[in-house]
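Tertiary structure, described
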Amino acid sequence: MTTSIHRAFSIGRIAAITGNTFTELTRLKIFYVVLLFALLLIGNSIFMAQFTFQQEFQVLKDIALGSMSILTSVLAVVATARLIPQDIEDRTIYTILAKPVARVEYLLGKLAGVLLLLAISVIIMSALFFVVLKVREQTVIHETLRQMRASPPEQMAEALGAVRASAFQANLFSGIAIIYVKASVLAALTLFVSTFATTTIFTTVVMVFVYFIGHLQSTARAYWLQTNGGGGITKFFLAFVALFFPDLQLFNLLDDIVAGTAIPPTLFAKTATLGFFYTGFYLLLAWSVFHRKEL
Amino acid sequence: MMRILLVILGAALFGAVKLPAEHAISQTHRELHFRAVDFDPALRDQIGQLGFIAGLSGFRSLVADVLFVQAHVAWERTEWGRVLLLFRQVTTLQPRAILFWDTAAWHMAWNASAAALRDSTQPRLALRIKAQREYFRLGKDFLERGIKYNPDRPQLYEALARLYRDKYNDHEHAAEFFAKAASLPGAPSYAKRFAAYELSYCEGREKEAYDRLHALYAAGESERLPTLIRLLKQLEIKLAIPPDQRIPDSIPQ
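Residues numbered from 1 in each chain as written. Chains lettered and ligands numbered in written order. Predicted model: local features only at pLDDT ≥ 70, side-chain atom pairs only at ≥ 80, totals over all residues.

1. Let's talk about the overall build of chain A
Rules: Secondary structure elements are defined from DSSP: runs of H or I of at least 4 residues count as helices, runs of E of at least 2 residues count as strands, and each element is numbered from the N terminus. Buried residues are those with 20 or more other C-beta atoms within 10 Å of their own C-beta, exposed residues have 12 or fewer, and partly exposed residues lie in between; C-beta atoms are placed from the backbone. In this description, a residue-residue contact is defined by the distance between C-beta atoms placed from the backbone, which must lie within 7 Å.
Helix and strand counts for chain A come out as 12 helices and 0 strands. Along chain A, from the amino end to the carboxyl end, the secondary structure elements read α-α-α-α-α-α-α-α-α-α-α-α. Projected onto its principal axes, the C-alpha positions of chain A cover 80 × 65 × 35 Å. Burial statistics for chain A: of 295 residues in total, 40% are counted as buried. Considering only contacts within chain A whose residues lie at least 6 apart along the sequence, 83% involve residues at least 24 apart.

2. A look at the overall build of chain B
Put simply, the test is: What the globule rule says is 2.2 Å times the number of residues to the power 0.38, and the radius of gyration is computed from C-alpha atoms.
Scanning chain B from terminus to terminus reveals 10 helices and 0 strands. In terms of overall dimensions, chain B is more spread out than a globule: its C-alpha atoms have a radius of gyration of 26 Å, far above the 18 Å expected for 253 residues. When the backbone C-alpha atoms are referred to their principal axes, chain B occupies close to 100 × 55 × 30 Å. Per-residue burial over chain B gives 39% buried out of 253 residues. Sequence separation of at least 24 residues holds for 48% of the intrachain contacts in chain B that already meet a minimum separation of 6.

3. Describing the environment of His215(A)
Structurally, His215(A) is set in helix α9 (residues 200-228). On the basis of neighbour counts, which here come to 23 C-beta atoms within 10 Å, the residue His215(A) falls in the buried class. In the structure, His215(A) is positioned 96 residues away from Ala119(A) in sequence and 23 Å away in space, judged by C-alpha atoms. When near neighbours in sequence (up to four residues on either side) are disregarded, His215(A) contacts Leu248(A), Gln249(A), Leu56(B), Ser57(B) and Gly58(B).

4. Focus on the interface of chain B and chain A
The cut-off we apply is this: Classification used: nonpolar for Ala, Val, Leu, Ile, Met, Phe, Trp, Tyr, Cys and Pro, charged for Asp, Glu, Lys and Arg, polar for all others including Gly.
Across the boundary between the two partners, chain B contributes 33 residues, which contact 35 residues of chain A. Put simply, the parts of the chain that give the side of chain B that touches chain A at least two residues each are α1 (2-31), α2 (41-76) and α4 (98-117) of chain B. Here the side of chain B that touches chain A gets 11 residues from one element, more than from any other, and that element is α1(B). When its residues are assigned to classes, the side of chain B that touches chain A shows 18 nonpolar, 10 polar and 5 charged.

5. Quick notes on the nonpolar core
So the rule is basically this: When buried Ala, Val, Leu, Ile, Met, Phe, Trp, Tyr and Cys residues are joined through C-beta atoms within 7 Å, the set is termed a nonpolar core.
Judged by nonpolar contacts, the single largest core of 126 residues is most densely connected at Leu118(A), Ala187(A), Leu160(B) and Phe178(B). Take this core: its biggest share by element is 15 residues, from helix α8 (residues 171-196) of chain A. Ignoring sequence-local partners within four residues, the contact set of Ala187(A) consists of Ala76(A), Thr80(A), Leu111(A), Val114(A), Leu115(A) and Leu118(A).

6. Describing the environment of Arg27(A)
Along the chain, the position of Arg27(A) falls in helix α1 (residues 11-27). The sequence separation of Arg27(A) and Leu253(A) amounts to 226 residues, and the corresponding C-alpha distance is 33 Å.

7. Some thoughts on the confidence of the model for chain B
Just so we agree on the cut-off: Think of pLDDT as the predictor's per-residue confidence, scored from 0 to 100.
Mean pLDDT for chain B: 87, with 91% of residues reaching 70 or above. In the predicted assembly, ipTM is 0.78 and pTM is 0.81.

8. Describing α4(B)
Residues and elements named next belong to chain B. Here is the rule we go by: A helix is expected to span 1.5 Å for every residue after the first. A residue's bend is given by the angle between axes fitted to the 7 residues ending at it and the 7 residues starting at it.
In this model, α4 (20 residues) spans 28 Å end to end at C-alpha, consistent with the 28 Å of a helix rising 1.5 Å per residue. Taken as a whole, α4 carries its principal kink of about 30° at His107. Among the 20 residues that make up α4, 14 are buried, leaving the element largely enclosed by the rest of the structure.

9. Examining the packing of helix α6 (residues 103-147) of chain A against α8(A)
Residue and element names in this part refer to chain A. Definition in use: Whenever a helix is involved, its axis is fitted only over the stretch in contact; in every case the axis is a line through C-alpha atoms, and angles between N-to-C directions fall within 0 to 180 degrees. Each angle gets one of four labels, with under 35 degrees taken as roughly parallel, over 145 as roughly antiparallel, 65 to 115 as roughly perpendicular, and the rest as oblique. Helix crossings fall into two classes, left-handed where the near helix is turned counterclockwise from the far one by less than a right angle and right-handed where it is turned clockwise.
Relative orientation of the contacting elements α6 and α8 amounts to 150°, with a least axis distance of 10 Å. One element, α6, and the other, α8, form an angle in the roughly antiparallel class. Crossing of α6 against α8: the hand is right-handed. Each of Leu107, Lys110, Leu111, Val114, Leu115, Leu118, Ala119, Val122 and Ser126 in α6 lies in contact with α8, whose residues at this interface are Ile176, Ile179, Tyr180, Ala183, Ser184, Ala187, Ala188 and Leu191. Looking at the contact of α6 with α8 residue by residue, the classes come out as 14 nonpolar, 2 polar and 1 charged.

10. Digging into the confidence of the model for chain A
Residues with a pLDDT of 70 or more make up 97% of chain A, whose mean pLDDT is 86. For chain A, helix α2 (residues 32-48) of chain A is the element with the lowest average pLDDT, namely 78, and α8(A) is the one with the highest, namely 94.

11. Remarks on the packing of α1(A) against α6(A)
Residues and elements named next belong to chain A. With their axes 7 Å apart at the nearest point, α1 and α6 run at an angle of 45° to one another. Compared by their axis directions, α1 and α6 come out oblique. The way α1 lies across α6 gives a crossing that is right-handed. Counted together, Arg13, Ile14, Ile17, Thr18, Thr21, Phe22 and Leu25 of α1 and Glu105, Tyr106, Leu108, Gly109, Lys110, Ala112, Gly113, Val114, Leu116 and Leu117 of α6 form the full contact between these two elements.

12. Overview of unusual backbone geometry
Residues and elements named next belong to chain B. Despite not being glycine, Thr78 shows a phi value in the positive range, around 50°. Along the chain, Thr78 turns up in the loop between α2 and α3 (80-93). What makes Thr78 exposed here is the crowd of 11 C-beta atoms within 10 Å. If you check the backbone angles, Ala240 has positive phi at about 50° while not being a glycine. Looking at where Ala240 falls in the secondary structure, it is placed in the segment after α10 (226-238). For Ala240, a count of 6 C-beta atoms within 10 Å translates into the label exposed.

13. Some thoughts on the environment of Tyr211(A)
Residue and element names in this part refer to chain A. When you line up the elements, Tyr211 lands in helix α9. According to the C-beta neighbour criterion, Tyr211 is buried, with 21 such atoms within 10 Å. Taking the C-alpha atoms as reference points, Tyr211 and Ser73, separated by 138 residues in sequence, lie 9.1 Å from one another. Sequence-distant contacts of Tyr211, that is, excluding residues within four places in its chain, are made with Ser73 and Leu248.

Here you go:
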C-alpha cells in the first residue's frame, strides 16, 4: 500500500484549478470578444483604404491596439469578477475547499486561469492584427511598385522603406505586452475586490471606478496641486489615493508607440516589473481577506 | 489590534516600493516627451465631456482618430473652419503623431488657402489674398507647434521647408529647415540636396551653395541629378569659376 504525503503548497493542485477555471470561462463563449475584434479590424481596414497609406496604418494601429486594450481590460474585470461569487452560488467552492486545498492555492489557480484566458485572447487578437497589417502593407507595396515602375531603384527602395516603416514597428510587441500586463493588474485587483464583495455586479462597478481613478489620478493630482496649492489635508488625501490605487496611466504607452516613438527597453522592463509587483500585491491582499472569510 | 498594525505596516511597505517606482517611470515619460497633453478645462470645452474622459482613460489616440476621420469628412465637404477646429483637437490629443501635424498643415496651407483664393462669394481679390495668407500662417503654426513636441524627428522640418519654399517663396528659411531635417536621423536622402538647391537661390550665399552642391556632386553618381547639375552650372557662371575647375558638360556613362 502506498501512502501519499500531503504538501502544503502544490503546483499540481493550482494547475488543476487553473485548467478548470479556464475551461469554465471558455464555456461562457468569452472568445466571441475576439470575433468582435476581428470584425472591427476588417471593417476598419476596408474603410481606411481611402486614406493615404501613412494615415491608414496609423489609424489601423490605433484602432487595433486601442480596442485590444479595451477588450482585454473588460475581459479581465468581467471574467474575474464572477469567479468567487459564482463558485459560492454553485457551491463548487465548498467541494474544493473541503478537500486539502489551501485557500491561497485556490486563489492562485483562479487568477492563473484568468491570466491564461487573457494570454490566449491577446495572442489571437495580435495574430489577427498582424495578418491584417501585413495584408494591407503588401497591397500598398504592390500599388507603389506599379506606380513607380519607371523610377530609379534608389527612389523605389526609399518609397518601399517608407511604406514598411509606416506599417510595422518592433515596438508594437512591447505595446501588446504592456496591454497584457495592465489586464493582469486589473484581474488581480478584481480578484481582491471579489473576496469581500457579495455580488458580481458590485465588483464590476467598483472596478469601473477603480479603472477611472487609476487613469485620472496622476493628471488630477498635478492639476489640483497646480491650482489649489498643496495644503496638508489635500496632500494627505492625494497620498492616500496614490497609495491604494494603481497609476494606470503608466501602462499607456500605446499612444506613443503608434505615433512612432521608440520605447526604451529599460522603460518597458520597469513598467512590466511594476505591473507584476501590483499583481502580486493585490493577490496577497486578496489572500489576506479570503483566508479568514467565513464561507 | 495586531491585525490593524500589520495592515498599516503592509500599506507603508507597499507605498515605499510603489510610489518611488511610479515616480521614476513618470520621470522617464516626461524625459521622453510622453503624455505631452495638457488636460485642462480648455481642452474639455473643445472635445466635450465624453471625449475628455475617454482621452484621460487611456483612449487618447482612439479619440484623436475619431476626430481625425471627422476632419477628413469635413475636408471632403470643404468646411475649412471645421477642419481647422478638428485638427486643433486632434493635434492637442496626440501631439507626438507627426502625421496629424503634417496633414493639418497641408490642409491649411495648400487646400484651404487655394480654396480661399478661389472663393466666389468674396468679390474683392485683396481680401481673398488676405484669407489665403492667413491659411498659410495657420499651416506654418501647425508645423512650428508640431516641431516643439517632436524636435528630434525630421518630417516636420521638411514639411516646414516645403511650406517656406512653395508658399512664401522664402528660399533662405527653406534651406535652413531642409538642412535641419537632413541633420536628423531618419531624414530622406533628398533633404540635404534640397537644402543646397534652396541655398542656390539666396542672394549673397551663392558661394556657400556652390560648395555644398559641389560636395554632393563629388559624392557620386547617385547625387548627380539633372537639377543639381543645372544649378551647379548656373553658379559656376555666376561665380566665374575657372574652366578647369568646372564640372564636365556631359556625364561620362
